[in-house]
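# Examining the three-dimensional arrangement
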Amino acid sequence: MSATVLFAALITLSACTTHFNESQQTTIAEGPAHSQFPYNPVVYHLDLSILAYQLYGQTLVWPFDPYYEEAEDAGAPATELTDRVRQWAAATGRRQIRQKPFLGGYRGPGLLSGFSDNPLHDPIVYRYDGLYPWQDTLNNTGGKWVDYKTPSEITSRIASVHMCYRRTGRPAGDIAVRHVVSNPAARASGARDILLAFEGGTGNKGEADQPASQSLMGFVLMRRLDTSGRYDIHIAFRGSRGGSVVHSILRGASTSHASGNPDWISDLGYRLVPPQDGVSAITTIGTVHRGIAHSTEETLPRLFKCLETAAALSSGRPPENIYVTGHSLGGGLAQHFLSAVFMGDRYGPSAAGAAMPRSLRDWPWRQVKLITYGAPRVGNGLWADTLTTKWLESDYDAGGPLPVDLQALSVDDPRIATRLVDADMPAGYRVLISNDAITTGAFPGPARYPVGTTVYVDRIGPLSLVRPYSPKSHDPEVIRDTMIARLDDPAIPPVAWRYYAFGAAPTGGIKSRPGGDTELAAVETEMLDYRLANNPHFSKRVYERRVRLFNSFLDGLLNSAD
C-alpha cells in the first residue's frame, strides 16, 4: 500500500469514526426502533444463532465434543474408537431399521438409519428426543467447557418443540414432523411460540460416493406477535461443530478423500462451481461455494417441511416478516438458502419454483431480512452482487485495496433496527468484528464476495488498517460481548454463551476418563452442581435422562468390542 493511499485511508477512517460516534449518540437519544422484539434485534438474532448451537449440543449422545480428537490428544488411537463406534452403529442400525423408531432412535452415521453412509466421517451419534430449549447445554469442546445459555427472553416464550427429519429406513423424501416436548410452564407463563427443528447434512462436497452425514442443522421459530394470530418466522442455521482447526484442515481439505469432522468438510469445500456442476437448485447465476451449496440442498426439503408445518399451524395465514440468520457455517447456509429461494431452479426463481410448497408461495419472501454473523464468503461477485442488491436491496461491498469496508455501518446505527422491523422492505446485514479471519477473506483461495451491508461490531479507526486478523474475533461470545459494550442497552440480557475451565474435575472427553467410571462420575457431578447453581430453569429430571442415555450408549459401545 503506497504512502498516499495510506494517508487518504487514515483521513477517511477518522471521518468514519466520527460518523459512528454520532450514530451512537442518536441511538441513545432517540431509543432503538425494535418494539416488536424483546431486545435489540441484532443481538436477538445472534442469540437465535446461539440457540441453534444449543439445540445441536442437546442432541449429542456423547456430551464431550469432539471425542475422537481428544482421544488422539490423550495418546489413545482415535481410529480404534472410531472403529468401535462404527461396529456399534452397524449392529444398532440393523435393529433400528427393523423397528423403525421415531424420535427415540439413534441418528448420525448412515448405518444407523439405513441411509447412504460415509465411513470417512467422524461417526457422531445423536438423539433428537433430547431437545429442551429451556435448559442450557454444557459441552466440552477444544479442552474447555462451553455453556450455551440462550436468554429466557427467547426460550420462555416457546410453548412446544417439534423435530423434522427423514424417517429411519425410508427414502430421502419420506419426512416426518414429530412433537418432542412442551414447555412445562407454558400455561402459566402464556408461552405461545412454536419451535420446529430441522435435520440436514454436512460433509458432502459434491463428489461421487461421498454422501453427507445427518444432524440437526437449525430451526424455525414461529414468534407470536399478539393474540390475534399475527406472527413472524425466524429461520436460524447452526454453525460448525467445534474441534481442532489443524486436525480438521489436514483431514477435511482433500477433494477425493475428505475425512473427519463433516461440518469442516463442508466448510473446506470452498471451490466455486457454476450451476451446471450440480448446484442449480441453489443458483442459476454466478458461481458458489460447493461444500455449503450441497449442504444447503441436503437440508432444504426438511426445512421447507418445517415451514409448511408453520403455515398449517397458522391456518394458512402468512407471517408478517421472515428473518434468516446464522453464525459462521450457519451464515453461509443462510445465504445459500435465500439464493435457492430467489435464484435457484427448484424453489425459485422468485420463490415460485416447482418445488416451492403452495402454502408458502404467498409468504412475504420479497421482504425477507438476512442477518449473518461472522459468515464466510460463499459465492463470486456476480452472485453476491445480485443477491445483495436485487433481492435484499442492500449495499454491496465489492472490495478494494483496504482491509475494511469504508461504507460499513456501525452496530449502533439506528437505521439497522428501523429497517429490520419494516414489513415493506427486505434487508441484508453481515455483522462482524472487522478483523475476523473467517469472513474478511483473509484466507487464500478463489475470489469470494460478501452478501449484505457490512455492519462492524467494533470501532473502526486508523489502526484498523494494520490490525492483524484474529480467529478469536470469530467467536460468538466475543462478538456478543463487543456488541453489548457498543450498544450500552440495559434491556439486552448480559450472557448467552460462556466458556469455563472447571477446576474440580478434568476438562473433557476421553481425558476425563483415564481411570474409568470414577473420573466420569466426577465430571457428571461437576456438570450437575454447576447447573443447579447457575440455571434457575434447570430440570434435574432432564439432565439425569441425558446421563442415562450417555451411559447406555457407553455400555453398548464397550460391549460392541466383545
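Residues numbered from 1 in each chain as written. Predicted model: local features only at pLDDT ≥ 70, side-chain atom pairs only at ≥ 80, totals over all residues. Heavy atoms only, no water.

Moving on: the pairing of strand β11 (residues 369-373). On a regular strand, one side chain projects to one face of the sheet and the next to the other, so that they alternate. Counting buried residues in β11 gives five out of five residues, a clear majority hidden from the surface. Because side chains alternate across β11, one face comprises the buried residues K369, I371 and Y373, and the other comprises L370 and T372, equally buried. Two strands pair when backbone bridges link them, and strand β10 (residues 322-327) and β11 are joined in this way by five bridges, in the parallel orientation. Looking at the pairing, H327 lines up with Y373 of β11. A crossover connection joins β10 to the parallel β11 through helix α10 (residues 329-343); in handedness this β-α-β unit is right-handed. Looking at chain direction, β11 and strand β13 (residues 427-432) are connected through five bridges and run parallel. Looking at the pairing, I371 lines up with Y429 of β13. (Buried < 20%, exposed > 50% of the residue type's maximum accessible area, 1.4 Å probe, protein only. Helix = DSSP H or I, 4+ residues; strand = E, 2+ residues; numbered from the N terminus. Pairing = 2+ DSSP bridges. Right-handed = clockwise from strand over helix to strand, strands pointing away.)

Considering the arrangement of structural elements, one finds M483 in helix α13 (residues 476-487). Of the residues examined, M483 reaches a relative accessible area of 0% and is grouped as buried. Here the alpha-carbon distance between M483 and D458, two residues 25 residues apart in the chain, equals 7.3 Å. With residues up to four places along the chain from it excluded, the contact list for M483 reads V42, V43, L46, Y373, V411, V431 and V457. (Contact = heavy atoms within 4.5 Å.)

On to the pattern of salt bridges, then. Tallied over the full model, the rule gives 26 salt bridges. The residue D122 makes a salt bridge to R251 at a minimum N-O spacing of 3.3 Å. With D122 in the loop between α4 (78-99) and β1 (137-141) and R251 in helix α7 (residues 245-252), the pair connects residues that are 129 residues apart, well separated along the chain. Classification of R251 by relative accessible area gives partly exposed; the value is 32%. Here the salt bridges do not stand alone but share partners, grouping R107, E199, E298 and R302 into one network. (Salt bridge = Lys/Arg side-chain N within 4 Å of Asp/Glu carboxyl O.)

Those residues of α7 that sit buried are H247, S248 and G252. Down the axis, α7 shows its buried residues gathered within 100° of arc, on one side only. More than 90 degrees from the buried face of α7, the exposed residues found are V246 and L250. (Arc of directions from axis to C-beta.)

Attention now goes to the packing of helix α2 (residues 41-59) against α13. Closest axis-to-axis distance for the α2/α13 pair is 11 Å, and the angle between their directions is 165°. Here α2 lies roughly antiparallel to α13, going by the angle between them. Handedness of the α2/α13 crossing: left-handed. Contacts from V42, V43, L46, D47 and I50 of α2 reach α13 at P476, I479, R480, M483 and L487. Its residues assigned to classes, the contact of α2 with α13 comprises eight nonpolar, no polar and two charged. (Axes fitted to C-alpha atoms, helices over the stretch in contact; angles between N-to-C directions. Parallel < 35°, antiparallel > 145°, perpendicular 65-115°, else oblique. Left-handed = near helix turned anticlockwise from the far one by under 90°. Nonpolar A, V, L, I, M, F, W, Y, C, P; charged D, E, K, R; others polar.)

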